[in-house]
Amino acid sequence: MVLATPNLLTDRLLLRPFTEADADDLFALQSDPQVLRYWDSPPWTERASIARFMARCEKMAEDGSGARVVIEHRSGGAFLGWCTVSSWNPDFRSASLGYILSQDAWGHGYATEAARALLRWAFDTLDLNRVQAEADTRNLASARVLEKLGFVREGTLREDCIVNGDVSDTWVYGLLRREWVG
């Protein structure tokens with residue numbers, strides 16, 4: 001089942017599908033060690049990563065497993081990052097949420113605003129009952145975003161990730177349809 005990647009508007013943001021014009025901004029974001037310090041993979045070092053990322057975005061839409069969107073500022077069109085609903089399982093009515101923003105976008109509420117819009121779309125379009133998200137236990141800012149959205153911390157995956165020799169734990173969060181306030 002093909003799942004059309006949405007175009008969503010919020011007060012300050014446009015969430016839209018990726019295009020080739022996003023390549024430089026995407027590479028800058030994904031190659032920034034500060035941005036990726038709590039991510040489950042190392043920063044990109046080669047531009048070939050852009051094509052692989054874009055192909056995964058297209059595959060996600062084509063196989064209907066989710067949607068990954070650019071987070072763009074409506075005023076001026078600045079690329080702020082991206083947000084995704086992935087791993088959609090129609091039988092379990094579940095999916096996962098993820099997001100990543102450039103350093104310049106931190107602390108302005110953009111992650112919460114973008115994730116809220118994408119969650120609203122996902123709950124309505126995919127008829128979700130549950131959304132799961134994960135955050136490195138050192139990433140308190142991401143934990144706050146999830147909690148503002150209504151996610152509940154359900155547990156800790158101990159030594160879940162090893163990136164460049166750095167071992168880290170992961171908090172697992174869940175949000176149920178009956179808890180979603182949109």
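Higher on the page you've got the structure.
Keep in mind the model is a prediction, meaning the values are calculated, not measured.

K.L.:
Pulling in residues and values, what's your account of the sheet that holds strand S7 (residues 152-163)?
P.N.:
Picture the strands of a sheet paired through backbone hydrogen bonds; they go either parallel or antiparallel. With respect to topology, eight strands assemble into an open sheet ordered S1-S2-S3-S4-S5-S6-S8-S7, the strand pairing being mixed. Edge positions in the sheet fall to strand S1 (8-9) and S7, since each has one partner strand and no second. Summarising the sheet, strand S4 (residues 79-89) and strand S5 (residues 94-101) pair through seven bridges and their orientation is antiparallel. Paired with threonine 84 across the bridge in S5 is glycine 98. Its contacts with the sheet place helix H2 (residues 48-63) against strand S3 (67-73) and S4, and it is angled at close to 120° to S3. Packing of helix H4 (residues 140-148) onto the sheet brings it into contact with S5, strand S6 (130-136), S7 and strand S8 (166-176), and relative to S8 it is tilted by some 10°.

K.L.:
Describe the side chain of threonine 84, and please don't skip the residues or the numbers.
P.N.:
Inspection of the secondary structure puts threonine 84 in strand S4. The exposure class of threonine 84 is buried, given its relative accessible area of 6%. Polar contacts involving the side chain of threonine 84 include one to the main-chain carbonyl oxygen of alanine 67, which spans 3.1 Å. The residues contacting threonine 84, other than those within four sequence positions of it, are Met60, Ala67, Arg68, Ser96, Leu97, Gly98 and Leu118.

Thresholds, definitions, all that
- Residues numbered from 1 in each chain as written.
- Predicted model: local features only at pLDDT ≥ 70, side-chain atom pairs only at ≥ 80, totals over all residues.
- Heavy atoms only, no water.
- Pairing = 2+ DSSP bridges.
- Helix = DSSP H or I, 4+ residues; strand = E, 2+ residues; numbered from the N terminus.
- Contact = heavy atoms within 4.5 Å.
- Axes fitted to C-alpha atoms, helices over the stretch in contact; angles between N-to-C directions.
- Buried < 20%, exposed > 50% of the residue type's maximum accessible area, 1.4 Å probe, protein only.
- Polar contact = N/O pair within 3.5 Å; in protein donor to acceptor, adjacent residues only side chain to side chain.

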